[in-house]
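Structure assessment
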Amino acid sequence: MSEHKTIHTAGTWRSAASGASREVLDPADGTVLAVVAEGGTADTDAAVSAARLAFDGGEWPGTPVAERAALLRRTADLLQRDRERIGLLESRDAGKTLEEGRIDVDCVSDAFRYFADLVIGEGAGRVVDAGSPDIHSVVVHEPVGVCALITPWNYPLLQASWKVAPALAAGNTFVIKPSEITPLSTVALIELLVEAGLPAGVANLVTGPGDPVGARLAAHPDVDLISFTGGLASGTKVMRAAAETVKKVALELGGKNPNVVFADACATEDGFDTAVDQALNAAFMHSGQVCSAGARLIVEEPLRERFVAELARRAEKIRIGRGTDPGVECGPLVSAAQRERTESYVASALAEGAVLRAGGERPDGPGYFYRPTVLDRCHRRMRVVREEVFGPVLTVETFRTEDEAVALANDTEYGLAGGVWTSDQGRARRVAGRLRHGTVWINDFHPYLPQAEWGGFGKSGIGRELGPAGLAEYRETKHVYQNLAPRPVRWFAG
């Protein structure tokens, strides 16, 4: 891809209409990684027009399901062919370790294959018994139309796949806007879709900021659905803008996720070691820049001191650095602004009485690094406990009873995910059943399956990604009622 030509409309790569461009920075040292087009309203309108034309008059919506599924599988194969290249691109752009970048490519391939299998395995519709042999009644599913897909900076490729794969499987066309901070792997994905044979105009890409690109997509009258993953404040703006045209809306707006550890989970040394290890993974994977990060450790009071002491000891030993360097376990934050945001939360927590047990500072040298941080003696009134930090910060709260543990875990305006650690299977089921979160892990944290729905309660969003419900988001449901033996009704005497 030549410099600046990162906008894709109607099958053509081009620069921004204004000629503007943006530097994409390497978060490990702040140097320029790439230069991309800085799209605006004119570029967005052109992309929507191309998607509208491809849907209303193009071949993709009417393409047989088997052919759509085959294209998704070809895309998955191409992703695996280019696994090292795209994994490295994701690592450099988002700051994650190279192994995380490779795993992301594998997960994206799995998502494309899952939706190919799901759509090919469906029948021709659901027959409804109308109570008469003269009536044929069937419920069918059709594509929504033009979909606007807005993705975040933390998992740019993965989040794109969770939207692009079901949108294409259902027969839609789309315009995607990646985060202006991490757009590079999305550009690579569009290139692979083109190579796989996707018709011109079906997949359109505009690189640029949320305002005006994202705002225009949310309000555009020719967009039928908008799917947004990002922060709560931006999500509410998207929802307001979409309301004017009454388009379908799907929102994934993050979480403030509890990781509840009962003392019985640590009754053995192996159990203790596993729970501590998983608490580190829950909080510090990808430097805490994960919507489902287990950033709230809620531990049973008798276990607290031993557990937090060991957690802090191991947190101090986490090896941070450029994600492509051997032995690195945790990369930088994505930007200087994100590091400053993290620092402000830690400062406010300490001012409110939290006790610093590990981290809490920048390391020496270039890049947007921040040491994994453990804050003890936290309580629900602290900003750092209530609000999503999106950095390597773990807060510690304690409980004495099961009811108290559940109350603390549910005491959040979000409801995306949570974990429960216990050796008591009855307790595990009880607590999991009472947690108001879209995903609950028992004696684990972070895994997801493409065949299982992902999304949250409360302010974590609206709708679901992945699973059958993830495909349903990109469809309209139609009832077709056929009278096989029509005759006069004679309602009116005439």
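Note: the structure precedes this text.
Quick summary incoming for the structure in this document. (Residues numbered from 1 in each chain as written. Predicted model: local features only at pLDDT ≥ 70, side-chain atom pairs only at ≥ 80, totals over all residues. Heavy atoms only, no water.)

1. Quick look at the sheet that holds strand β6 (residues 135-143)
- Overall, antiparallel pairing links the 3 strands, which are arranged β5-β6-β20 in an open sheet. Each end of this open sheet is capped by a strand with a single partner; those strands are β5 (126-128) and β20 (475-483). When the angles between neighbouring strand axes are averaged without regard to direction, this sheet yields 25°. (Pairing = 2+ DSSP bridges. Helix = DSSP H or I, 4+ residues; strand = E, 2+ residues; numbered from the N terminus. Axes fitted to C-alpha atoms, helices over the stretch in contact; angles between N-to-C directions.)

2. Examining the side chain of His 437
- For His 437, the location among the structural elements is in the loop between α14 (425-434) and β18 (439-442).
- Of the polar contacts made by the side chain of His 437, one reaches the backbone oxygen of Ala 409; its length is 3.1 Å. (Polar contact = N/O pair within 3.5 Å; in protein donor to acceptor, adjacent residues only side chain to side chain.)

3. A short note on the pattern of salt bridges
- Across all of its chains, the model carries 44 salt bridges by this definition.
- Notably, a salt bridge pairs Arg 371 with Glu 361, separated by 3.7 Å at the nearest N-O pair. With Arg 371 in the loop between β14 (355-358) and β15 (373-376) and Glu 361 in the loop between β14 and β15, this residue pair connects regions lying 10 residues apart in the sequence.
- Owing to a relative accessible area of 28%, Arg 371 belongs among the partly exposed residues under this scheme.
- Looking at Glu 361, the relative accessible area reads 44%, which means it is partly exposed.
- The salt bridge partner of Arg 427 is Glu 402, with a shortest N-O separation of 3.3 Å. One end of the pair, Arg 427, is in helix α14; the other, Glu 402, is in helix α13 (residues 402-410), with 25 residues separating them in the sequence.
- Residue classification places Arg 427 among the buried positions, given a relative accessible area of 19%.
- The network of salt bridges with shared partners includes Arg 83, Glu 84, Glu 99, Arg 102 and Asp 106. (Salt bridge = Lys/Arg side-chain N within 4 Å of Asp/Glu carboxyl O. Buried < 20%, exposed > 50% of the residue type's maximum accessible area, 1.4 Å probe, protein only.)

4. Regarding the sheet that holds strand β16 (residues 393-399)
- With mixed pairing, the 7 strands of this open sheet are ordered in space as β14-β15-β16-β13-β12-β17-β18. Pairing within the sheet leaves two strands with one partner each, and these edge strands are β14 and β18. Direction aside, the axes of adjacent strands within the sheet are offset by 25° on average.
- The sheet contact formed by strand β12 (residues 258-261) and strand β13 (residues 296-300) spans 4 bridges and is parallel. Paired with Asn 259 across the bridge in β13 is Leu 297.
- Sitting on the sheet, helix α10 (residues 304-316) touches β12, β13, β14, β15 and β16, and the angle it makes with β14 is about 55°. (Contact = heavy atoms within 4.5 Å.)

5. Concerning the packing of aromatic side chains
- What the rule picks out here adds up to 8 aromatic pairs.
- Relative to Tyr 448, the ring of Trp 162 has its centre 5.1 Å away and its plane inclined at 65°; by these criteria the two rings are edge-to-face. Taken as a pair, Trp 162 in helix α5 (residues 156-170) and Tyr 448 in the loop between β18 and β19 (461-462) lie far apart in primary sequence, 286 residues in all.
- Note on Tyr 448: relative accessible area 23%, which makes it partly exposed.
- Taken together, a centroid distance of 5.9 Å and an interplanar angle of 85° make the contact between Phe 272 and Phe 307 edge-to-face. Highlighted residues: Phe 272 in helix α9 (residues 269-284) and Phe 307 in helix α10, separated in sequence by 35 residues.
- Owing to a relative accessible area of 5%, Phe 272 belongs among the buried residues under this scheme.
- Cluster of aromatic residues (ring-pair linked, three or more members): Trp 162, Trp 441, Phe 445, Tyr 448 and Trp 454.
- If you follow Arg 306 out to its NZ or CZ, it ends over the ring of Phe 272, 3.7 Å from the centre.
- Just above the ring of Tyr 345 sits the side chain of Arg 383; from NZ or CZ to the centre is 4.3 Å. (Phe/Tyr/Trp six-rings, centres within 6.5 Å; stacked < 30°, edge-to-face > 60°. Lys NZ or Arg CZ within 6 Å of the ring centre and 35° of its normal.)

6. Some thoughts on the environment of Gly 438
- Looking at the secondary structure, you find Gly 438 in the loop between α14 and β18.
- Placed 408 residues apart in sequence, Gly 438 and Gly 30 show a C-alpha to C-alpha distance of 36 Å.
- Each residue touching Gly 438, except ones within four places of it in the same chain, is listed here: Gly 415, Leu 416, Gly 455, Gly 456, Phe 457 and Arg 464.

7. Details of the pairing of β18
- Judged by which residues are buried, β18 turns out to be one-sided: Thr 439 and Trp 441 face inward and are buried, whereas Val 440 and Ile 442, on the alternate face, are not.
- The pairing of strand β17 (residues 417-421) with β18 spans 4 bridges and is classified as parallel. Residue Gly 419 lies in a different strand from β18, and its bridge partner there is Trp 441.
- Assessed by its sense of winding, the connection that carries the chain from β17 through α14 to β18 is right-handed. (Right-handed = clockwise from strand over helix to strand, strands pointing away.)

8. A look at empty space enclosed by the protein
- Applying the stated criterion across every chain yields a total of 5 cavities of 30 Å³ or more.
- One number sums up the size of the largest cavity: a volume of about 90 Å³.
- Forming the walls of the largest cavity are 14 residues, and the residues nearest its centre are Gly 288, Ala 293, Ala 295, Val 389 and Phe 390.
- Per-class residue counts for the lining of the largest cavity are 8 nonpolar, 4 polar and 2 charged.
- Contributing to the lining of the second largest cavity are Lys 163, Ser 227, Phe 228, Ala 250, Leu 251, Glu 252, Trp 454, Gly 455, Ile 462, Gly 463, Arg 464 and Glu 465.
- Elements with a contribution of two residues or more to the lining of the second largest cavity: β10 (225-229) and β11 (248-252).
- Here the lining of the second largest cavity gets 3 residues from one element, more than from any other, and that element is β11.
- Looking at the lining of the second largest cavity, its residues break down into 5 nonpolar, 3 polar and 4 charged. (1 Å grid on protein atoms, 1.4 Å probe; cavity = no way out; pocket = protein on both sides within 12 Å on 5 of 7 lines; lining within 4 Å. Points joined across faces, edges and corners; volume = space filled by probe spheres on them. Nonpolar A, V, L, I, M, F, W, Y, C, P; charged D, E, K, R; others polar.)

This is a description of form; function is not addressed.
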